[in-house]
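Observations on the model geometry
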Amino acid sequence: MLTQGESVEAHALRARGWSVSAIARHLEVDRKTVRAYLSGQRVPGQRKPAGPDRFEPYAEYCRIRFDDDPHLWATTLFEEVTGLGYDGAYPSFTRGLRKRGLRPRCERCTAAGTPAEFAVIDHPAGEETQWDWVELPDPPAWWGQGKHAHLLTGALSASGRWRGVLAESEEQPYLIASLHAVSFRLGGLTRRWRFDRMSTVCHPETGDLTASFAQTAKYYGVAVDVCPSRRGWRKGVVEKANHSAAQRWWRTLPDEASPAQAQARLDAWCARAGDARIRVRDGAKVTVGELAAAEPLAPLPAIPFPAVIEDTRVVSAQALVSWHGNFYSVPPGHGGQQVTVRHQLGAVTLDVLTAAGSVVARHRREPDHAGAVVRDSSHVTALENKVLAARGANAGPCHRKERRPPSAAALAEAAAVRGGAAGTGAPVTDFAAWAAAARPLHPGSRDVQQH
């Protein structure tokens, strides 16, 4: 492609009698290019396409996706169209978006500003892991987690590698279980952990660690740093990880994905795309995964800190308790009652307790969200016997037109009710006595003769 100046120079040299070959050598371009500009077939400043536009078949899809979600990241959309068959490079893809002006303008975000200055903090390798909870809105309704799903993210400050784990809640036992799971995915333990002022770690007013979490930190052999108030930038690595998790994974998560499938998709994305991000160290390009592999991390304990999880559940009509995507049986007779599921982290079993604190069932814990139904054989037998005894051998619906007069016991009770009701009213006058008293006087009566 010739610029406006080169095109003017080519026309001037041609007017002076230069040949096309001489002009091409002078401008260091191909003779066919010079001939096309001199003849007017090509216009300066406009690049001739090298072939058919590979982006065009996907332009309408991109427009629809941006109409649905103006803040969808181009990298996320690039992964989608690549899955649809787009074989171009990412720069060509973004050029196609800009050329067609497909991303709409968000009026609500127009006035939003960004800070003019950013702090640069040195992070030695293996020194710090930053932690934070992310409340992800609108999880699939059938997950049963309410308005938000809870994701604990952990990021290595030096390399930028991060991982996340979905949890049932943000209570301290779930925090400890998630810390262990994320550390396992990161490859080990750094020397220090950094948190914001979450109440499960410290007292928010003072920043001092709680006694229970201090025991957890001693168990893992790490020191704990708590960010000062209103200093969110101090853990900017994990904040950016939260942003990526929300935009690159959660935003496009399908409704039919189960929690286990959602966790698998997150792990796969972090290993495939998250660790493949490029960083420049000492003038050389390396990936986040390569930097993380070089960090000196301490080994993780074999089992998590033995915190105890206690969740309240309601027993179903089939004498089953739903917990973490599985079902565990209890003896019959507890249907509709509230029970407590108790599990100590690292243990292979869990207990089901009544409201009074009695253990009614103990089962081996299955992997979360496996859809397993764990039944004790004695529970199954007792439930079958109770149902069969209640229904009988000749069970069937009642005959609605069957004649059933009041029984002898009912008639006796009715008589007793009538007798009790008669004795509670006014005194009953004998009819004969009343008739004698009410008999009219006749002239021939004995009373008249006496007068």
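Heads up: the structure comes first, above all this text.
These remarks concern the structure in this document. These numbers were taken from a predicted model, which means no experiment stands behind them.

**Remarks on the sheet that holds strand 13 (residues 359–364)**
Pairing is antiparallel across the open sheet formed by 4 strands, whose spatial order is 8-11-12-13. Both edges of this open sheet fall to strand 8 (308–314) and strand 13, since each of them pairs with a single strand only. Each strand axis lies, on average, 25° off the axis of its neighbour in the sheet, ignoring direction. Pairing between strand 11 (residues 338–344) and strand 12 (residues 349–353): 3 bridges, direction antiparallel. Residue R342 lies in a different strand from strand 12, and its bridge partner there is D351.

**Notes on the side chain of H379**
Tracing the chain through its elements places H379 in helix 13 (residues 377–391). A residue is classified by how much of its surface remains accessible, and H379, at 11% relative accessible area, is buried.

**A few points about the environment of V134**
Structurally, the position occupied by V134 is in strand 1 (residues 128–137). Separated by 15 residues in the primary sequence, V134 and A149 place their C-alpha atoms 8.2 Å from one another. Once residues lying within four places of it in the same chain are set aside, the contact partners of V134 are A149, H150, L151, T153 and N242.

**Side note on unusual backbone geometry**
Here D138, not a glycine, exhibits a phi torsion of approximately 55°, which is positive. Position of D138 among the secondary structure elements: in the loop between strand 1 and strand 2 (148–156). The exposed category is assigned to D138, whose relative accessible area is 66%. Look at H324: it is not a glycine, yet its phi comes out positive at around 55°. When its relative accessible area of 6% is taken as the criterion, H324 is described as buried.

**Some details on helix 5 (residues 74–84)**
Taken as a whole, helix 5 has its buried residues at A74, T76, L77, F78, E80 and V81. The elements touched by buried residues of helix 5 are helix 4 (56–68), helix 6 (90–100) and helix 10 (236–250). Downstream of helix 5 by a residue or two, G85 has a phi angle that is positive, lying close to 120°.

**Some details on the pattern of salt bridges**
Evaluation of the coordinates by the stated rule reveals 22 salt bridges. Notably, a salt bridge pairs R251 with D69, separated by 2.0 Å at the nearest N-O pair. Linking R251 in the loop between helix 10 and helix 11 (259–274) with D69 in the loop between helix 4 and helix 5, this pair joins segments that are 182 residues apart in sequence. Residue D69 is classed as buried on the basis of its relative accessible area, which comes to 8%. With its nearest N and O atoms 2.7 Å apart, the salt bridge here joins R163 to D275. Of this pair, R163 sits in strand 3 (residues 162–167) while D275 sits in the loop between helix 11 and strand 6 (278–281); the two residues are 112 residues apart in sequence, bridging distant segments of the chain. In this pair, the class of R163 matches that of D275, namely buried. Here the salt bridges do not stand alone but share partners, grouping E128, R192, R194 and D225 into one network.

**Quick look at the pairing of strand 10 (residues 326–329)**
Here strand 9 (residues 320–323) runs beside strand 10; their pairing, made up of 4 bridges, is antiparallel. Bridged to S322 within strand 10 is F327. The turn joining strand 9 and strand 10, which pair antiparallel and follow one another in sequence, is formed by 2 residues; a positive phi near 55° is taken by H324. The pairing of strand 10 with strand 14 (residues 373–374) spans 2 bridges and is classified as parallel. Paired with F327 across the two strands is V373, which belongs to strand 14.

Definitions and limits used
Residues numbered from 1 in each chain as written. Predicted model: local features only at pLDDT ≥ 70, side-chain atom pairs only at ≥ 80, totals over all residues. Heavy atoms only, no water. Pairing = 2+ DSSP bridges. Helix = DSSP H or I, 4+ residues; strand = E, 2+ residues; numbered from the N terminus. Axes fitted to C-alpha atoms, helices over the stretch in contact; angles between N-to-C directions. Buried < 20%, exposed > 50% of the residue type's maximum accessible area, 1.4 Å probe, protein only. Contact = heavy atoms within 4.5 Å. Salt bridge = Lys/Arg side-chain N within 4 Å of Asp/Glu carboxyl O.

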